[in-house]
Amino acid sequence: MTAKPFNDTFLKACRKEATDHVPVWYMRQAGRYQPEYRAIRAKHSFFEMNYIPEVCAEVTRLPVEQLGVDAAILFADIMTPLKPIGVDVNIESGIGPVIANPIQSLADVQRLHELEPETHVPYILESIKILRQQLSVPLIGFAGAPFTLASYMIEGGPSKHYHKTKAFMYTEPQAWQALMDRLGDLTITYLKAQVAAGAQAVQVFDSWVGALNDEDYREYITPVMTRIFHALKDTGVPTIYFGIGAGHLLMDWNALPVDVVGLDWRTSITTAREMGVTKTLQGNLDPTLLLAPWEKLESKAKEILDEGTRQPGFIFNLGHGVFPDAKVETLQKLTQFIHSYKRNL
């Protein structure tokens, strides 16, 4: 059986190179909307799917084969590297990550271990190696950003307002800095290990950093994110930064040594460009539109494609992840529409 030729369209778009079609992948493209995923999930807990490389690889590969997208993203969770460093975390159905030993002091931060990927997460590295043998599209590795990881570690789980997190940031500056340093080191170490194992791009999810204003972001977060992305430059792979409700931070992100800025659905591509964002842009269809009539979905996708292709450097994605109510058939049709639009860009 002849292997498929490697599709590097996504990597070209990250580098602002010409492509013959708009590349597309979907955040959370492996998930409960897929009958095949649900069947696997019925046999294994979330973390068990991570711990068995063959299962992790299968779940990662499924949406590529099913939808025809231009990149795969490793199936894992941003919490995955926290367990081995001393964070008592579990993924609870209907809730998300729940942490039994939240961070409350500098002493709590100092008790955290350093991540040793080959010892602590060998199953992640093995999954990547398997996938590189199986995939004909690039594999994206990923990690949670320090603020977003810290928000779970301090709040003890998901939060709507991040009051405890921000209060800790304001009232415990030494402990906060120590936590950012520790999580910055973890992110760099974890992502470099993923790249060494074969990941061809990496995305840093800062899902909840939009809870900060721009001044606080610059004071408390910019230094660690600059350090992370600067360190990742050595790997030679494209880097992506994504968060929710962070339109007011886009110019701060544009100043970071990152290659691709991910947009949620609240800020249009045109607005981002008019603000002065010069990086490759990724996004940004509202996932809820996957439930809309096709005519509405197609119209909005066309609008995003028109905006995104006005200059080099655009990757189609959702403005957040695929959710369980989405239909496989809808994502297949959307992918085909995106690939057929404005060929030979």
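Residues numbered from 1 in each chain as written. Predicted model: local features only at pLDDT ≥ 70, side-chain atom pairs only at ≥ 80, totals over all residues. Heavy atoms only, no water.

**Concerning the overall build of the protein chain**
Consideration 1: Across its full length, the protein chain holds 15 helices and nine strands.
Consideration 2: Here the C-alpha atoms of the protein chain give a radius of gyration of 19 Å, agreeing with the 20 Å that 2.2 N^0.38 yields for 345 residues.
Consideration 3: Taking the principal axes of the C-alpha coordinates as reference, the protein chain spans close to 55 × 45 × 40 Å.
Consideration 4: Intrachain contacts of the protein chain at a sequence separation of at least 6 include 73% that bridge at least 24 residues.
Consideration 5: A total accessible area of about 14400 Å² is found for the protein chain, and carbon and sulfur atoms account for 50% of it.
Consideration 6: Of note, the protein chain has its 33 positive side-chain charges centred 4 Å away from the centre of its 39 negative side-chain charges. (Helix = DSSP H or I, 4+ residues; strand = E, 2+ residues; numbered from the N terminus. Rg over C-alpha atoms; globule rule 2.2 N^0.38 Å. Contact = heavy atoms within 4.5 Å. Areas by Shrake-Rupley, 256 points an atom, 1.4 Å probe, with all protein chains shown as cover. Lys, Arg positive; Asp, Glu negative; His and termini not counted. Charge placed at Lys NZ, Arg CZ, Asp CG, Glu CD.)

**Here we look at the UniProt feature "binding site: substrate" (unreviewed entry) in the protein chain**
Consideration 1: Following the UniProt record, one finds the feature "binding site: substrate" (unreviewed entry) at R28, Q29, A30, G31, R32, F47, D77, Y152, S207 and H320. Spatially, the listed residues are scattered: they cover 293 residues, and their C-alpha atoms lie as much as 23.0 Å apart. Restricting the annotated residues to those that line the largest pocket leaves R28, Q29, A30, G31, R32, D77, Y152, S207 and H320.
Consideration 2: Among the secondary structure elements, Q29 is positioned in the loop between α1 (9-14) and α2 (35-41). (UniProt positions renumbered as here; feature names shortened; annotations may be inferred. 1 Å grid on protein atoms, 1.4 Å probe; cavity = no way out; pocket = protein on both sides within 12 Å on 5 of 7 lines; lining within 4 Å.)

**Brief notes about the sheet that holds strand β1 (residues 72-73)**
Consideration 1: Within the open sheet, the seven strands sit side by side as β1-β4-β5-β6-β7-β8-β9. Their pairing is parallel. Each edge of the sheet is formed by a strand with only one pairing partner; in this case those strands are β1 and β9 (314-318).
Consideration 2: Sheet topology places strand β5 (residues 201-205) next to strand β6 (residues 239-242); four bridges connect them, and they run parallel. Within β6, the residue paired with V204 across the bridge is Y241.
Consideration 3: Sheet strands touched by helix α11 (residues 214-232): β5 and β6. Its angle to β6, the strand with the most contacts, is close to 160 degrees. (Pairing = 2+ DSSP bridges. Axes fitted to C-alpha atoms, helices over the stretch in contact; angles between N-to-C directions.)

**Things to note about the nonpolar core**
Proteins that are soluble and globular tend to have nonpolar side chains buried together.
Consideration 1: Ranked by size, the top nonpolar core spans 128 residues in total, and within it M225 and F316 carry the most contacts.
Consideration 2: Top contributing element to this core by residue count: helix α10 (residues 173-197), with 12 residues.
Consideration 3: Beyond its immediate chain neighbours, meaning those up to four positions away, M225 contacts A145, P146, V204, D206, Y217, Y241 and L256. (Core = buried A, V, L, I, M, F, W, Y, C linked by side-chain atoms within 4.5 Å. Buried < 20%, exposed > 50% of the residue type's maximum accessible area, 1.4 Å probe, protein only.)

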